[in-house]
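Chain and residue survey
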Amino acid sequence: ASAAGDASGFFCLTQEKDELTLMMDQRCRAAFDEAGSVATVEYAPSRWRAFELRLGSLGGEVPGLVCFLATLMAEGSISILNLSSHDRDFVLVQEGDVAAATRLICEGMQEDAVGLKEKISQ
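We now turn to the structure provided with this report. Nothing here was measured: the structure is a model prediction, and the numbers come from that model.

Conventions adopted
Residues numbered from 1 in each chain as written. Predicted model: local features only at pLDDT ≥ 70, side-chain atom pairs only at ≥ 80, totals over all residues. Heavy atoms only, no water. Helix = DSSP H or I, 4+ residues; strand = E, 2+ residues; numbered from the N terminus. Buried < 20%, exposed > 50% of the residue type's maximum accessible area, 1.4 Å probe, protein only. Polar contact = N/O pair within 3.5 Å; in protein donor to acceptor, adjacent residues only side chain to side chain. Contact = heavy atoms within 4.5 Å. Core = buried A, V, L, I, M, F, W, Y, C linked by side-chain atoms within 4.5 Å. Patch = residues over 30% accessible without salt bridge, like charges linked within 9 Å, V, L, I, M, F, W, Y side chains within 5 Å. Areas by Shrake-Rupley, 256 points an atom, 1.4 Å probe, with all protein chains shown as cover. Salt bridge = Lys/Arg side-chain N within 4 Å of Asp/Glu carboxyl O. Lys, Arg positive; Asp, Glu negative; His and termini not counted.

Observations concerning the side chain of D25
For D25, the position within the fold is in the loop between β2 (20-24) and α1 (26-34). When its relative accessible area of 18% is taken as the criterion, D25 is described as buried. Within the structure, D25 has its side chain in polar contact with the backbone nitrogen of R27 (distance 3.2 Å). Sequence-distant contacts of D25, defined by excluding residues within four places in its chain, comprise G9 and F10.

Okay, structure coming up:
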């Protein structure tokens, strides 16, 4: 999720009343492993993989894209985590579901932007 050659890594921190959730790529995990004596980190039992959606200037023209993809994944019995920023969305699936999720996304998004907007609005 970062530019080529960028060593900053990817992470997202969510704070709730009674816990913190940190999603990170391998580079960030290595940094936490090195700092193990400073903080205790409990890792999820399975790895998640991210699909990065960059619509750029079309972002405002295709509302409902994440909902559309979440519905595709739910119909395929695939759990997701979703992260969004100003111009990107990330749909994360468990590593064991990557092939099925890729197939569902490819099948569901075979339309051009106009066709996709119509399909999403249905």
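After that view of the structure, there is still more to cover.
Overview of the nonpolar core
In terms of nonpolar packing, the biggest core is built from 14 residues, with L65, L69, M73, I78, V93 and A101 touching the most fellow members. Those elements that place two or more of their residues in this core are β3 (48-54), α2 (65-75), β5 (88-94) and α3 (98-108). With near-sequence residues (within four places) excluded, A101 lies in contact with F51, M73, I78 and V93.

A few points about a nonpolar patch on the surface
Among the surface-exposed residues, F11, L13 and L20 lie close enough to one another that they form a single nonpolar patch of about 350 Å² accessible area. Summarising the element assignment, F11 is placed in strand β1 (residues 11-15). Judged by its relative accessible area of 53%, F11 falls in the exposed class.

Things to note about the side chain of D89
With respect to the secondary-structure elements, D89 resides in strand β5. Buried within the structure, D89 lacks any salt-bridge partner; its nearest side chain of opposite charge belongs to R88, at an N-O separation of 9.6 Å. A polar side-chain atom of D89 sits 2.4 Å from a polar atom in the side chain of S84.

Structural measurements only, silent on function.
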